[in-house]
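Architecture at a glance
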Amino acid sequence: MANFDAIVIGAGQAGPSLAFRLAATGRRVALAERSAVGGTCVNTGCTPTKTLVASARLAQLARRAAEYGIELPGPVGIDWPRVKARMDAVVARSRDGLTRALEEAENITFLRGHARFTGPHAMEVNGQPLRAPWIFLDVGGRAAAPPIPGLETVPWLTNTTLLQLETMPRHLAILGGSYIGLEFAQVFRRLGAEVTVLEVAPRLIPREDEEVSATIRDMLEAEGIAFHLGAKGLSVAPAPEGVALRLEGAPKIHASHLLLATGRRPNTDSLGLEAAGIARDARGFITVDDELQTSVPGIWALGECNGRGAFTHTAYNDYEIVAANLLDGEARRVTDRLPCYALFTDPPLGRVGMTEREAREAGHEVLVGTRPMTRVSRAVEKGETTGFMKVMVDAESKRILGAAILGTDGDEAVHALLDVMQAKLPYTALQRTVHIHPTVSELIPTLLGELKPARP
Ligand SMILES: Cc1cc2nc3c(=O)[nH]c(=O)nc-3n(C[C@H](O)[C@H](O)[C@H](O)COP(=O)(O)OP(=O)(O)OC[C@H]3O[C@@H](n4cnc5c(N)ncnc54)[C@H](O)[C@@H]3O)c2cc1C
Ligand SMILES: NC(=O)c1ccc[n+]([C@@H]2O[C@H](COP(=O)([O-])OP(=O)(O)OC[C@H]3O[C@@H](n4cnc5c(N)ncnc54)[C@H](O)[C@@H]3O)[C@@H](O)[C@H]2O)c1
């Protein structure tokens, strides 16, 4: 039995930072990882997809070159093996750097293998028993496969296997018109594939406000992506050159490849949680308190597996919360965190706080400011006027409730609103700030000066 001061399971977005921090205090730490260091974000999520988004954007801009007075010697060509090689190199640099750092760190024993509990504070990795008073679970999640008739008879891809393809799909069918599905849809369309998205909800990214869903649909349709929304009665079957998809009220779709982007499930099913008595909710997420401790004292769950966020920045913030509370005597709580994320289509959607629907349902008297990107100088100058900005404010408290900036640089500009929300300042504090011209952020104070009562 090897005894440690702390065991960390998973080298994703919270585990390594926590292991380094604990090790720096002189504690002896075991960190176990069963697959690639860096987890989903580095290997099969954010890093490869945003690298592809960059290639796809360049291809699209090149197609529009003449609009900007730029001449190209011929039509835009896509060299998928080189696009992929660039992506693989960016991923490898990140993964290998982190792997080396873990292998070389003082006080960290880096174990490669699947970890599982054998008792409340006892685990095993590759048959090796480990014990520690503190255990941190950062086991992440994986793509979920929905129960679709015929799915067991056809080959299908996830975000992991799609990124391993050596040739560009002829026709990529994507199940799920949400964050993963839409980022991949635009990337693969721009890189030369025919793309069809099937979504069971009546609109894309159904958690967003309706005008966000509608604008993104319009912008992606304009690039040639086909959508089947409110898809009913979906079934799949093998076809000579790939997969045949049937759904009610539409002709059969013949795709060369099928991607599942219908949500994720936590990697908590093979962790032996029962042996430790650690509680999970009905969807398999490990239940945690406001400081991310599980139902068993001395065991914490961080990142996607605790169901309190499904993003890299939320996983990293989980590490910050746990480290601050255990090592710095602070009392940070996960509920102090404001929701924020981006959808990295081009242009992107930057989102903070509530949607308009959520704000109303929470009983706020909502004021809304909106402005199309056609009235944002920088967007006009860049020739990228798709989208709009929208902010919601509580009429009584003057606090910003939420915002969506769908447009060029929307992923960056939205942070001005987030910072004021986090500082708990009234919107008027931001309304009087002078922003730099010409930027997208420049229009945020203007937007806040044009608030109107939300439509009933
Ligand atoms: C296609 C895609 C694009 C994304 N894009 C973005 C984005 O742009 N921005 C963003 O913020 N988020 C994005 N995300 C989400 C983001 O990648 C995840 O939320 C984030 O990686 C979660 O981090 P984590 O530490 O919780 O888990 P992970 O990064 O998944 O790490 C968990 C690690 O634990 C290991 N593990 C699991 N079980 C065991 C075990 N029993 N023993 C040993 N090791 C184990 C796994 O192998 C894995 O390495 C994207 C996700 C996908 C799929
Ligand atoms: N930019 C980012 O930060 C980013 C990018 C990608 C993924 N992510 C993370 O990954 C998570 C998972 O993303 P996701 O898009 O896979 O899941 P999701 O839960 O956001 O969306 C799944 C979609 O699939 C649809 N769906 C479910 N079953 C279906 C079926 N049988 N046929 C057709 N459609 C079906 C749902 O209605 C929903 O719209 C996100 O919540 C997000 O946190 C983040």
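Looking at an unreviewed UniProt entry, one finds the protein chain named FAD-containing oxidoreductase, with Roseicella aerolata as its source organism. Here is the UniProt Sequence similarities (unreviewed entry) comment for the protein chain, exactly as written: "Belongs to the class-I pyridine nucleotide-disulfide oxidoreductase family."

Let us look at the nonpolar core. In this structure, Ile174, Leu259 and Leu417 are the most contacted members of the largest nonpolar core, which totals 76 residues. Ranked by residues supplied to this core, first place goes to helix 6 (residues 179-190) with seven residues. When neighbours within four sequence positions are excluded, Leu417 is seen to be in contact with Val352, Val391, Ile400, Ala403 and Ile444. Residues Ala14, Ala132, Ala315 and Ala323 belong to the second largest nonpolar core, which totals 47 residues.

Now for helix 13 (residues 415-422). For helix 13, every residue scored as buried is listed here: Ala416, Leu417, Val420 and Met421. Across the axial projection of helix 13, the buried residues extend over an arc of 135°, all falling on one side. Those residues of helix 13 hidden inside the fold are in contact with strand 20 (349-353), strand 22 (388-394), strand 23 (400-406), helix 12 (410-413), helix 14 (427-431) and helix 15 (443-448). One or two positions beyond helix 13, positive phi appears at Lys424, with a value near 60°.

As a further point, take the sheet that holds strand 1 (residues 2-3). In spatial order, the strands read 1-7-6-5; together these four strands make up an open sheet with mixed pairing. At either end of the open sheet lies a strand with only one pairing partner, and these are strand 1 and strand 5 (115-119). Inspection of the sheet shows strand 5 paired to strand 6 (residues 122-125) by four bridges, in the antiparallel sense. Across the sheet, the residue bridging to Ala115 is Val125, located in strand 6.

Around ligand 1 sit 34 residues in total, of which Gly10, Gly12, Gly39, Gly140 and Gly303 are the nearest. For the shell around ligand 1, the secondary-structure elements that each account for two or more residues are strand 3 (29-33), helix 2 (39-43), helix 3 (46-63) and helix 9 (312-327). Tallied by class, the residues present in the shell around ligand 1 amount to 14 nonpolar, 15 polar and five charged.

Turning to the UniProt feature "domain: Pyridine nucleotide-disulphide oxidoreductase dimerisation" (unreviewed entry) in the protein chain, a few remarks are in order. Sites flagged by UniProt as "domain: Pyridine nucleotide-disulphide oxidoreductase dimerisation" (unreviewed entry) map to residues 342-446. Secondary structure across residues 342-446 divides into 31% helix and 27% strand, with the first and last C-alpha atoms of the span separated by 22 Å.

About the thresholds
- Residues numbered from 1 in each chain as written.
- Chains lettered and ligands numbered in written order.
- Predicted model: local features only at pLDDT ≥ 70, side-chain atom pairs only at ≥ 80, totals over all residues.
- UniProt positions renumbered as here; feature names shortened; annotations may be inferred.
- Core = buried A, V, L, I, M, F, W, Y, C linked by C-beta atoms within 7 Å.
- Buried ≥ 20, exposed ≤ 12 C-beta atoms within 10 Å, placed from the backbone.
- Helix = DSSP H or I, 4+ residues; strand = E, 2+ residues; numbered from the N terminus.
- Contact = placed C-beta atoms within 7 Å.
- Arc of directions from axis to C-beta.
- Pairing = 2+ DSSP bridges.
- Near = placed C-beta within 6 Å.
- Nonpolar A, V, L, I, M, F, W, Y, C, P; charged D, E, K, R; others polar.

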